Amino acid sequence: INDLITPTLEDSISDLISKTGFKAESCHLILDLNDADFANIEDLDLVSKYQIKNMELCTALELGGLSPDLEMVRLAREKYDGELSVLIRPRPGNFVYSNTEKNYMLAQVKSLVEMEIDGIVVGALTKDYQVDLDFMKRLIDKSMGVKICFHRDIHSVEFPLIALDTLVSLQI
């Protein structure tokens with residue numbers, strides 16, 4: 001019957017510390033805010049309790065991660081003192097976005113900057129699966145100096161070393 005019980009975030013962190021001697025302060029935690037995974041708002045208090053310094057908020061990890069609700073980001077910012085990064089990804093699937101999706105993502109950046117988050121996790125590709133340089137420049141401009149981390153879509157590019165050079169040139 002124990003296999004049917006999903007461990008809480010505190011159980012998971014405590015187990016990791018006891019089994020490995022893991023130092024929570026050196027951890028970058030990706031906190032999936034699905035209803036099932038984030039049913040208990042005290043999970044944010046646990047992140048502070050274990051002094052985890054970096055947290056990335058997203059939803060739907062099983063889909064590769066999607067943008068969290070902005071109200072949840074506000075709550076996380078209120079309750080969490082560490083470095084808070086937020087994923088901007090409007091839908092599952094590939095990372096080639098329509099103009100409508102790009103405009104939505106830019107609006108999210110503006111809202112996140114206003115909430116004083118510390119980092120934005122984002123990425124976009126062209127139809128030929130290269131870094132969407134023009135759109136990334138627009139995102140950087142909107143970010144007002146907030147750190148940008150290119151999302152896992154780097155794994156989808158045809159020529160990863162060229163993509164890496166492009167991101168370095170953007171100072172991402």
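Residues numbered from 1 in each chain as written. Predicted model: local features only at pLDDT ≥ 70, side-chain atom pairs only at ≥ 80, totals over all residues. Heavy atoms only, no water.

1. Comments concerning the side chain of Gln 130
Among the secondary structure elements, Gln 130 is positioned in the loop between strand E4 (119–122) and helix H5 (133–142). Relative accessible area serves as the criterion here: at 17%, Gln 130 is assigned to the buried category. Discounting residues that sit within four places of it in the chain, Gln 130 has contacts with Ala 124, Leu 125, Glu 158 and Phe 159. (Helix = DSSP H or I, 4+ residues; strand = E, 2+ residues; numbered from the N terminus. Buried < 20%, exposed > 50% of the residue type's maximum accessible area, 1.4 Å probe, protein only. Contact = heavy atoms within 4.5 Å.)

2. Digging into unusual backbone geometry
Its identity is not glycine, yet Tyr 129 carries a phi of approximately 60°, on the positive side. Assignment of secondary structure puts Tyr 129 in the loop between E4 and H5.

3. Examining helix H6 (residues 160–169)
Among the residues of H6, those classed as buried are Ala 163, Thr 166 and Leu 167. For H6, the angular spread of the buried residues around the axis is 95°, confining them to a single face. Projecting away from the buried face of H6 at angles above 90 degrees are the exposed residues Leu 161, Asp 165, Val 168 and Ser 169. In the segment just after H6, Gln 171 is the residue with positive phi, at about 65°. (Arc of directions from axis to C-beta.)

4. A short note on the pairing of strand E3 (residues 83–87)
When you tally the buried positions in E3, you get 4 out of 5 residues, the bulk of the element. Relative to E3, strand E2 (residues 54–58) is paired through 4 bridges, and the arrangement is parallel. Across the sheet, Asn 54 pairs through a bridge with Glu 83, a residue of E3. Between the parallel pair E2 and E3, the chain is carried across by helix H3 (residues 70–79), and the sense of this crossover is right-handed. Sheet analysis places E3 next to E4, joined by 3 bridges and oriented parallel. In the sheet register, Leu 87 faces E4, and the bridge partner there is Val 121. Following the backbone out of E3, through helix H4 (residues 99–114) and into the adjacent parallel E4, one traces a crossover that is right-handed. (Pairing = 2+ DSSP bridges. Right-handed = clockwise from strand over helix to strand, strands pointing away.)

5. Details of the nonpolar core
A general tendency of soluble globular proteins is for nonpolar side chains to be buried together. Leu 84, Ile 117, Ile 120, Val 122 and Met 136 are the most contacted members of the largest nonpolar core, which has 38 residues in total. The biggest single contributor to this core is H4, with 5 residues. With near-sequence residues (within four places) excluded, Ile 120 lies in contact with Val 86, Ile 88, Val 109, Ser 143, Val 146, Lys 147, Ile 148 and Cys 149. (Core = buried A, V, L, I, M, F, W, Y, C linked by side-chain atoms within 4.5 Å.)

6. Side note on H3
Taken residue by residue, H3 has Val 73, Ala 76 and Arg 77 as its buried positions. Across the axial projection of H3, the buried residues extend over an arc of 100°, all falling on one side. Capping the start of H3, Asp 69 holds a side-chain oxygen 2.6 Å from the backbone nitrogen of Glu 71, two or three residues further along. (Polar contact = N/O pair within 3.5 Å; in protein donor to acceptor, adjacent residues only side chain to side chain.)

7. Brief notes about the environment of Tyr 80
Mapped onto the elements of the fold, Tyr 80 is located in the loop between H3 and E3. Polar side-chain contacts of Tyr 80 include one of 3.2 Å to the backbone nitrogen of Asn 54.

8. A few points about the packing of H4 against H5
Packing of H4 against H5 brings their axes to within 9 Å, and their N-to-C directions diverge by 25°. By the criterion of interaxial angle, the relationship of H4 to H5 is roughly parallel. In the packing of H4 onto H5, the handedness of the crossing is right-handed. Within the contact between the two elements, H4 uses Lys 102, Asn 103, Met 105, Leu 106, Val 109 and Val 113 and H5 uses Phe 135, Arg 138, Leu 139 and Lys 142. (Axes fitted to C-alpha atoms, helices over the stretch in contact; angles between N-to-C directions. Parallel < 35°, antiparallel > 145°, perpendicular 65-115°, else oblique. Left-handed = near helix turned anticlockwise from the far one by under 90°.)

The analysis is restricted to geometry; functional conclusions fall outside its scope.
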